[in-house]
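Examination of the molecular architecture
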Amino acid sequence: MSKCRSCRAPAVIDLPRHNANFCAEHLEQLCRRQFRRAVDDFEMFTTEDRILVAVSGGKDSLALWDLLVTEGYDAVGLYIGLGIGRYSDESHVIVDAFARDRDLELITVDLRADHGFDVPTAARVTDRVPCSSCGLSKRHIFDTAAREGGFDVVVTGHNLDDEAAVLFGNALRWDVEYLRRQAPVLPARHGFPRKAKPLVRLTEREMAAWCVIRGIDYVVEECPMAIGNRHHMYKEALAVVEATSPGSTAAFYLGFLERMAPLIAHDEDTDAPAPCRMCGSPSGAADAVCAFCRLADRAGAVQPVPVELVLGRGARRRYVEQWGASALMEGDGHGGS
Ligand code: Q46
Ligand code: ZN
Ligand code: ZN
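What follows concerns the coordination of the zinc ion (ligand 3). In an ideal octahedron of six donors the angles at the metal are 90 or 180 degrees, and in an ideal tetrahedron of four donors they are 109.5 degrees. Coordination of the zinc ion (ligand 3) by the protein is provided by Cys 276 (SG), Cys 279 (SG), Cys 290 (SG) and Cys 293 (SG), with metal-donor distances spanning 2.3 Å. Each of the four donor atoms around the zinc ion (ligand 3) contributes to a set of angles spanning 106 to 114°, which defines the coordination as tetrahedral. In primary-sequence terms, the residues that donate to the zinc ion (ligand 3) follow C-x2-C-x10-C-x2-C. You can see Cys 279 sitting in the loop between strand S9 (274-275) and strand S10 (282-284) and its partner Cys 290 sitting in the loop between S10 and helix H12 (291-299), a full 11 residues away along the chain. With a relative accessible area of 6%, Cys 290 lands in the buried category.

Okay, the sheet that holds strand S7 (residues 185-186) next. Ordered in space as S5-S4-S3-S6-S8-S7, the six strands form an open sheet in which the pairing is mixed. The outermost strands of the open sheet, each flanked by one partner alone, are strand S5 (106-110) and S7. Of the strands in this sheet, strand S3 (50-54), strand S4 (74-81), S5 and strand S6 (153-155) touch helix H2 (residues 59-70), which is tilted by about 160° from S3.

Let us look at the environment of Ser 137. Position of Ser 137 among the secondary structure elements: in helix H6 (residues 130-149). For Ser 137 and Ile 80, which are 57 residues apart along the polypeptide, the C-alpha to C-alpha distance reads 9.3 Å. Ignoring any residue separated from it by four or fewer positions in sequence, one finds Ser 137 in contact with Leu 111, Phe 117, Phe 292 and Leu 295.

Here the focus is the site of ligand 1. Around ligand 1, the surrounding shell consists of Leu 82, Cys 131, Cys 134, Lys 138, Cys 223, Met 225 and Ala 226. Residue classes in the shell around ligand 1 are distributed as six nonpolar, no polar and one charged.

Turning next to the coordination of the zinc ion (ligand 2). Every protein donor of the zinc ion (ligand 2) is listed here as Cys 4 (SG), Cys 7 (SG), Cys 23 (SG) and His 26 (ND1), and their distances to the metal cover 2.0 to 2.3 Å. Each of the four donor atoms bound to the zinc ion (ligand 2) contributes to angles spanning 97 to 114°, and the resulting shape is tetrahedral. Counting the intervening residues between successive donors of the zinc ion (ligand 2) yields the motif C-x2-C-x15-C-x2-H. One end of the pair, Cys 4, is in the segment before strand S1 (13-15); the other, Cys 23, is in the loop between strand S2 (20-22) and helix H1 (24-41), with 19 residues separating them in the sequence. Classification of Cys 4 by relative accessible area gives buried; the value is 0%.

Our next topic: the confidence of the model for the protein. Taken over all residues, the pLDDT of the protein has a mean of 93, while the share at 70 or more is 97%. For the stretch residues 333-337, pLDDT sits under 50, and the model shows eight contacts to residues farther than four places along the chain or on other chains.

Three or four residues apart is the spacing at which side chains of an α-helix point the same way, because the helix has 3.6 residues per turn. The terminal C-alpha atoms of helix H7 (residues 160-172), which comprises 13 residues, lie 18 Å apart, in line with the 18 Å expected from a rise of 1.5 Å per residue. Here H7 lies mainly inside the structure; 10 of its 13 residues are buried. In this structure, the buried residues of H7 make contact with H2, helix H8 (176-180), helix H9 (204-214), helix H10 (230-244) and helix H11 (248-264). Measuring from the backbone nitrogen of Asp 161 back to the side-chain oxygen at the start of H7 gives 3.0 Å, which picks out Asn 159 as the cap. Once H7 finishes, Trp 174 follows within two positions and takes phi at roughly 45°, a positive value.

Phi is positive for Asp 127, close to 55°, though the residue is something other than glycine. Along the chain, the position of Asp 127 falls in the loop between helix H5 (119-126) and H6. Taking the relative accessible area as the measure of exposure, Asp 127 reaches 69% and is therefore exposed. With a phi close to 45°, Trp 174 is a non-glycine residue in the positive phi region. The topology assignment puts Trp 174 in the loop between H7 and H8.

Reading guide: rules and limits
Residues numbered from 1 in each chain as written. Chains lettered and ligands numbered in written order. Predicted model: local features only at pLDDT ≥ 70, side-chain atom pairs only at ≥ 80, totals over all residues. Heavy atoms only, no water. Donors = N, O, S within 2.8 Å, 3.2 Å for Na, K, Ca; no water. Tetrahedral: all angles 85-135°; square planar, octahedral: opposite > 155°, others 65-115°. Helix = DSSP H or I, 4+ residues; strand = E, 2+ residues; numbered from the N terminus. Buried < 20%, exposed > 50% of the residue type's maximum accessible area, 1.4 Å probe, protein only. Pairing = 2+ DSSP bridges. Contact = heavy atoms within 4.5 Å. Axes fitted to C-alpha atoms, helices over the stretch in contact; angles between N-to-C directions. Near = heavy atom within 4 Å. Nonpolar A, V, L, I, M, F, W, Y, C, P; charged D, E, K, R; others polar. pLDDT = per-residue confidence, 0-100. Expected span 1.5 Å × (residues − 1). Polar contact = N/O pair within 3.5 Å; in protein donor to acceptor, adjacent residues only side chain to side chain.

Put into structure tokens, the structure is as follows:
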């Protein structure tokens, strides 16, 4: 059996990118060190700040919340019910239990109950991939919750593999505007809160191991809408490179931040957007309605669409195998067959 690099005890994980194996205790130390290094090097936040952490029920966001509170930060959770069938129901139960067991404050916003629509219905009415209206809704709700709750910063559980995959996609198209926004911390401006990604030095596998050694129960299944999307494809491509050349993903992303990002940085000096006529959040032109309110208006005007109906055939089969039919499909006849 392989041994821990630090103490020679039996190892629980091998990390080829560090060319070493670690026991549970030393893996935990490594994760804490990488977390602190990201927070400090990029000046993300301090123990004086009030932090709003976006939690989905997956391993990354729950590991992040755990890291934040055990490292002494003041972090309140924000869970958004996206209405993605049983996947969302299960995620809510997991997040609720996590918060309750640790006596942590959790804010819950439900798209359907609070804003009159859900992600599958938005995907159907916009006729675009679900992630686009989902991303728009999540950003709007994070920003609004941060502003209304007086939080200094919104943090999310994007890990090194996520950020490298986004970088890969942006670099494939040389999308300079998106590349500029890839910093792990974005300052507050024009009524939008500061945003930070404290897990950018940690991989997906390290976060899964963190949850196991810390006894964190998380939703193992991915969002059914993620299957087959581009982000996934870029992740898989990078995983192939990483398998043959361990450390490439970190070198790609962290090297970009260190050596490339400064070359393309520039001060954006745009005017403050006018508030949305409906919800008051910073939006755009004077007297305009923001993209979120326009989406809520359109998607709220139609019958709810069950998640199965917006999935491709393969994803639908996997969804039903994993979760069974969603309540809407079984129940009240909105969805058809
Ligand atoms: S939750 Fe939403 Fe993700 Fe699901 S619909 Fe896409 S963006 S994949 S992180
Ligand atoms: Zn050890
Ligand atoms: Zn609005």
